[in-house]
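Structural features, examined
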Amino acid sequence: MSNVAVVGAGISGLVAALRLQQAGARVTVFESGNRVGGKLRSETIGGERLDVGAEAFVRRRPEVLALADELGLADQVVEPAGRRPALFADGALRGGFGRTLMGIPAAADEVRIPLRWNPGADASIGALVRSRLGDEVVERSVDPMVSGVFAAHADDVSVRAALPALAARLDAGAGTLGEAVRDALGEPSDGPVFGAFRGGYQQLLDALVERLGDRIMLGAPVPEVRPGWSLRGSLFDAVVLAVPAPQVGRLLGLNLPELGDAVGKIPAASSALVTLRLPDATELPDLSGVLVATREQVSAKAFTLSGRKWDHLPGGTVRLSYGRLGVSRIVDDLDAGLIAAAREDLSFVLGIDTEPEAVHVQRWYEGIPVYLPGHRATLDAIEAATPKGLALAGAYFDGVGVPACIARAEAAAQRVLADLS
Ligand SMILES: Cc1cc2nc3c(=O)[nH]c(=O)nc-3n(C[C@H](O)[C@H](O)[C@H](O)COP(=O)(O)OP(=O)(O)OC[C@H]3O[C@@H](n4cnc5c(N)ncnc54)[C@H](O)[C@@H]3O)c2cc1C
C-alpha cells in the first residue's frame with residue numbers, strides 16, 4: 001500500500017486525500033491549524049453559524065455539486081433567492097450590469113477597429129477592456145467584479161489565467177471583444193448561477209472529515225519537505241502540497257529552490273471580511289449586494305446582503321469585504337477600526353445606521369492568489385519543474401473558486417497515483 005502525505009486540510013487537501021484514500025493509498029493529512037477547512041470556515045455570530053470565508057460556489061462547474069452528491073449532501077444545497085446586485089458609482093446605487101463575463105459586457109459599443117490579439121498572448125483584463133470599450137467600463141463594471149473575485153484590480157489580472165474561455169475565443173480569432181464574450185458565455189441558462197450549503201461550508205467539511213477519519217493530523221505544521229519524500233521526520237512514497245503559494249515557497253525553498261521560487265513568487269492579496277448581524281427587521285434594499293466602482297469614497301470593495309441573497313440565512317446578515325492587491329493597509333486595522341469602516345460604508349451607501357446585534361471580523365492574509373498577466377506561463381514552468389512523487393494543488397492553479405480547487409486537487413491525486421504506478 002502506498003503511503004502518501006497531504007499537506008494542508010483546506011478543501012484542496014481534503015479532496016486530494018479523499019481521492020487517494022479511495023484509490024487504496026494510506027493517506028496522512030498534515031494541517032498546521034487546529035481545524036480543517038482553510039478558507040472554508042464557519043463561525044457562530046449572534047447565535048447563528050455563518051461562513052466567514054467562502055460562502056457560495058458557481059453551479060456552472062460540476063465539481064461541488066458532484067461532491068455534494070457523492071457525500072449525501074445533495075439535498076443540503078440551496079439556491080439564491082434571485083435578487084441581483086447593484087453597482088455603487090458616482091455616489092449612487094445603479095441598476096444591473098446586463099449580461100457580462102466578469103463585468104465585460106456581452107453587447108456594448110466597441111471601437112470600430114479590428115481586434116488585434118496574437119494567439120497564445122496574454123494581457124491584463126483591464127488593458128484589454130480599456131482598449132476596446134474605454135476606461136468607464138473597466139471602472140464601473142469590470143473592476144468591481146474582478147476585485148470581488150480576485151482581490152486585485154482588473155489591470156493586475158491575466159485574461160488567459162482568469163478567463164480562459166475568453167482567451168480561447170480570442171485565440172480562435174474573434175473579430176470583437178463582444179463576440180468573444182458572447183461565445184465564452186454560451187447560451188443563457190435559466191438556472192441559478194450560485195449554490196451554497198444550507199448549514200454553510202461546515203457541512204461539506206464535516207462530511208469529508210467523516211470519510212477521512214483519523215487520517216487528519218491537526219496542529220501538525222510541516223516546515224519543510226525533502227525529496228525522497230521526508231517530512232516531519234517520516235518517509236512517504238509521495239506528497240501532495242495543498243497549501244497556498246507563499247507557503248509552498250517556504251516549504252520547498254531549501255530543497256527544491258527552483259520550484260519553490262517559482263511558486264513562492266505568485267502574489268497573494270490579503271483581505272478582511274466584516275460580518276454584521278443587523279436586526280432581521282432592518283429595512284435592507286431588495287438587492288443581493290452592492291459592488292463598488294473604482295475611486296468611490298467607500299472603503300469596502302463589496303457588500304453582500306447575505307440575508308437577502310439567501311433565504312436560509314437570517315435576514316439582517318450583511319458581509320462587507322476589504323482589501324485587494326496593493327491596498328491591504330486596512331486589513332491590518334484593529335477590529336474596532338474595521339467595524340467602524342463597515343458601519344460608515346453601510347450608512348453612506350445604503351443609509352443604514354442600525355446598531356448591529358453581533359459583529360465578526362475575519363482577516364485572510366495572503367488569502368487570494370493573484371493571476372498576474374503571464375500567470376499561465378508561470379504555471380507551465382511550475383509543472384515542468386515538479387518532480388515525480390510530488391503534486392501541487394490549490395487556488396493558485398486553475399481558478400480561485402472552490403469548484404476549481406476541487407478539480408485541481410483531483411488532478412493532483414491522479415498525478416501522484418500515476419507516479420506511484
Ligand atoms: C474571503 C474569501 C471569500 C471567498 N469566497 C469564495 C466563494 O464564495 N466561492 C468560492 O468558490 N471561492 C471563494 N473563495 C476562494 C476559496 O475559498 C479558496 O480559494 C479555497 O477555499 C482555497 O482552498 P485551499 O484548500 O486550496 O487552500 P486553503 O483554504 O488556504 O487551505 C490550506 C490549508 O493548509 C494549511 N497549511 C498552510 N501551511 C501549512 C503547513 N506548512 N503545514 C500544514 N498545513 C499548512 C492551512 O492552515 C490551511 O488549512 C474565497 C476566498 C476568500 C479568502
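Residues numbered from 1 in each chain as written. Predicted model: local features only at pLDDT ≥ 70, side-chain atom pairs only at ≥ 80, totals over all residues. Heavy atoms only, no water.

With that settled, consider the overall build of the protein chain. When helices and strands are counted, the protein chain shows 14 helices and 21 strands. In terms of overall dimensions, the protein chain is globule-like: its C-alpha atoms have a radius of gyration of 22 Å, near the 22 Å expected for 421 residues. For the protein chain, the C-alpha atoms occupy an extent of roughly 60 × 55 × 40 Å along the three principal directions. Residues counted as buried form 52% of the 421 residues belonging to the protein chain. For the protein chain, the proportion of contacts with a sequence separation of at least 24, taken over those separated by at least 6, is 72%. (Helix = DSSP H or I, 4+ residues; strand = E, 2+ residues; numbered from the N terminus. Rg over C-alpha atoms; globule rule 2.2 N^0.38 Å. Buried < 20%, exposed > 50% of the residue type's maximum accessible area, 1.4 Å probe, protein only. Contact = heavy atoms within 4.5 Å.)

For Thr386, the location among the structural elements is in the loop between α13 (375-385) and β21 (390-392). Every residue in contact with Thr386, bar those within four places of it in the chain, is listed here: Leu259, Leu392 and Arg415.

So, about the domain arrangement of the protein chain. For an interface, size is often stated in terms of accessible area lost upon the parts coming together. Each domain of the protein chain was delimited in the assignment, giving domain 1 (3-38 + 201-266 + 374-420), domain 2 (56-97 + 188-199 + 268-369) and domain 3 (100-185). Spacing between the C-alpha centres of domain 1 and domain 2 amounts to 29 Å. With 24 residues of domain 1 at the interface, the matching set in domain 2 holds 19 residues. Approximately 1800 Å² of surface area, both sides summed, lies buried where domain 1 meets domain 2, with 65% of it carried by carbon and sulfur atoms. At the junction of domain 1 and domain 2, the tally comes to 2 salt bridges. Of the charged contacts in the structure, one is a salt bridge between Glu366 and Arg250, with a shortest N-O distance of 3.5 Å. Inspection of the region where domain 1 meets domain 2 yields 8 residue pairs in polar contact (both at pLDDT 80 or more). Those elements that provide at least two residues to the side of domain 1 that touches domain 2 are α1 (11-22), α8 (201-212), α9 (245-252) and α14 (402-420). (Domains from an automatic or database assignment. Buried area = accessible area lost by both parts, 1.4 Å probe. Salt bridge = Lys/Arg side-chain N within 4 Å of Asp/Glu carboxyl O. Polar contact = N/O pair within 3.5 Å; in protein donor to acceptor, adjacent residues only side chain to side chain.)

Let's shift gears to the site of the ligand. Near the ligand you find 34 residues, and of these Ser12, Glu31, Lys39, Ala56 and Val400 are the closest. Taking Ile11, its main chain carries an N or O atom lying 3.1 Å from an oxygen atom of the ligand. The backbone of Glu55 places a nitrogen or oxygen atom 3.2 Å from an oxygen atom of the ligand. Its free accessible area being 1000 Å², the ligand has 87% of it covered by the protein chains. Among the elements of the structure, α1, β20 (358-369) and α14 are those that each provide at least two residues to the shell around the ligand. (Near = heavy atom within 4 Å. Areas by Shrake-Rupley, 256 points an atom, 1.4 Å probe, with all protein chains shown as cover.)

Here Asp143 lies in helix α4 (residues 135-150). The side chain of Asp143 is buried and forms no salt bridge, while Arg324, the nearest opposite charge, is found at 5.6 Å. At 2.9 Å, the side chain of Asp143 and the side chain of Thr294 are in polar contact. Ignoring sequence-local partners within four residues, the contact set of Asp143 consists of Val138, Ala152, His153, Ala154 and Thr294. (Lys, Arg positive; Asp, Glu negative; His and termini not counted.)

Within helix α2 (residues 63-70), the full set of buried residues consists of Glu63, Val64, Leu67 and Ala68. Projection of α2 onto a plane perpendicular to its axis shows the buried side chains occupying an angular sector of 130 degrees, all on one side. The inward-facing, buried residues of α2 contact α1, β5 (57-58), β6 (77-78), β11 (194-197), α8 and α14. Following α2 by one or two positions, Gly72 has its phi on the positive side, about 75 degrees. (Arc of directions from axis to C-beta.)

The first and last C-alpha atoms of α14 sit 27 Å apart over 19 residues, in line with the 27 Å expected at 1.5 Å per residue. Within α14 the residues assigned to the buried category are Val402, Pro403, Ala404, Cys405, Ile406, Arg408, Ala409, Ala412, Ala413 and Val416. (Expected span 1.5 Å × (residues − 1).)

Moving on to the pattern of salt bridges. This structure, assessed with the given rule, holds 24 salt bridges. As a salt-bridge pair, Arg130 and Asp135 come within 3.1 Å of each other at their nearest N and O atoms. The salt bridge involving Asp335 is made with Arg363; its shortest N-O contact spans 2.6 Å. In this pair, Asp335 is assigned in helix α12 (residues 335-350) and Arg363 in strand β20, connecting sequence segments 28 residues apart. Its relative accessible area of 22% is what places Arg363 among the partly exposed residues. The network of salt bridges with shared partners includes Arg19, Glu70 and Glu410.

Across the sheet, which stays open at both edges, the 7 strands sit in the order β8-β7-β17-β18-β19-β16-β20 with mixed pairing between neighbours. Among the strands making up the open sheet, the edge pair consists of β8 (92-94) and β20. Between one strand axis and the next, the sheet turns through 25 degrees on average, direction left out of account. Sheet topology note: the strand β7 (residues 85-89)/β8 ladder contains 3 bridges and is antiparallel. What sits directly across from Leu87, in β8, is Arg94. (Pairing = 2+ DSSP bridges. Axes fitted to C-alpha atoms, helices over the stretch in contact; angles between N-to-C directions.)

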